[in-house]
Amino acid sequence: MSVYAVTYVYAPDSVAARDRARPAHRDHLQALCADGAVLVSGPLPATDDEPDGALIVVTAPSAAEADALLGTDPFRREGLVAEVSVREWVPVIGGFAG
């Protein structure tokens, strides 16, 4: 299994909808975490240069499967994520290092 850093950029004007969908979103990620697929997840707050989003670190056999794993995330199903990036990550120091 490889490790992938998945980033979300949230859709503009989606704060209220994300607030409503957040419990289901977190339940979904918690279930994936319990299965060992999600290693860590959390928001990326907006800055002056970047919109708000999230970082989700997952294990999967491929980037396509990492993306598919999160494809059923309620935030994505409801169109609250404008952009998704999936990139292999090779941790060498710390808790996720192999």
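Going by the structure above, here's the rest.
Here we summarise the structure given alongside this text. Since the model is a prediction, treat every value here as computed from it, not as a measurement.

### Here we look at the overall build of the protein
Step number 1: When its secondary structure is counted, the protein shows 3 helices and 4 strands.
Step number 2: Mapped in sequence order, the helices and strands of the protein form the string β-α-β-β-α-α-β.
Step number 3: Its C-alpha atoms give the protein principal-axis dimensions of roughly 40 × 30 × 20 Å.
Step number 4: For the protein, restricting intrachain contacts to residue pairs at least 6 apart in sequence, the fraction spanning at least 24 positions comes to 67%.
Step number 5: Just so you have it, the protein exposes about 5,900 Å², and 53% of that area is on carbon and sulfur atoms.
Step number 6: Looking at charge distribution, the protein has the averaged site of its 7 positive side-chain charges lying 5 Å from that of its 14 negative ones.

### Concerning helix α1 (residues 15-34)
Step number 1: A rise of 1.5 Å per residue sets the reference length of α1, with its 20 residues, at 28 Å; its end C-alpha atoms lie 27 Å apart and thus fit the reference within 8%.
Step number 2: Most pronounced at Ala21, the bend in α1 amounts to some 55°, and the proline Pro23 follows within four residues.
Step number 3: Of the residues making up α1, those classed as buried are Ala17, Arg18, Ala21, His25, His28, Leu29 and Leu32.
Step number 4: Where the residues of α1 are buried, they touch β1 (2-10), β2 (38-44), β3 (53-60), α2 (63-70) and α3 (74-77).
Step number 5: A positive backbone phi angle near 90° is found at Gly36, which sits one or two residues after α1.

### Quick word on the sheet that holds β1
Step number 1: Spatially, the 4 strands line up as an open sheet ordered β2-β3-β1-β4, and their pairing is antiparallel. On the outer flanks of this sheet lie β2 and β4 (81-89), each paired with one strand and no other. Across the sheet, the mean angle separating the axes of adjacent strands is 20° when strand polarity is ignored.
Step number 2: Where β1 meets β3, 8 bridges bridge the pair, whose relative direction is antiparallel. Looking across to β3, one finds that Val3 is bridged to Thr59.
Step number 3: Strands in contact with α2 are β1, β3 and β4; relative to β3, the strand with the most contacts, it is inclined by about 120°.

### A word on the pairing of β1
Step number 1: Across 8 bridges, β1 lies against β4 in antiparallel orientation. The residue bridging Val3 from the neighbouring strand is Trp89, located in β4.

### Comments concerning the packing of aromatic side chains
Step number 1: Applying the stated criterion across every chain, the model contains 2 aromatic pairs.
Step number 2: The interplanar angle of 70° and the centroid separation of 6.4 Å between the aromatic rings of Tyr8 and Tyr10 together place this pair among those described as edge-to-face.
Step number 3: Members of the aromatic cluster, connected to one another through ring pairs, are Tyr8, Tyr10 and Phe75.

Rules used throughout
Residues numbered from 1 in each chain as written. Predicted model: local features only at pLDDT ≥ 70, side-chain atom pairs only at ≥ 80, totals over all residues. Heavy atoms only, no water. Helix = DSSP H or I, 4+ residues; strand = E, 2+ residues; numbered from the N terminus. Contact = heavy atoms within 4.5 Å. Areas by Shrake-Rupley, 256 points an atom, 1.4 Å probe, with all protein chains shown as cover. Lys, Arg positive; Asp, Glu negative; His and termini not counted. Charge placed at Lys NZ, Arg CZ, Asp CG, Glu CD. Expected span 1.5 Å × (residues − 1). Bend = angle between axes of the 7 residues up to and from the residue. Buried < 20%, exposed > 50% of the residue type's maximum accessible area, 1.4 Å probe, protein only. Pairing = 2+ DSSP bridges. Axes fitted to C-alpha atoms, helices over the stretch in contact; angles between N-to-C directions. Phe/Tyr/Trp six-rings, centres within 6.5 Å; stacked < 30°, edge-to-face > 60°.

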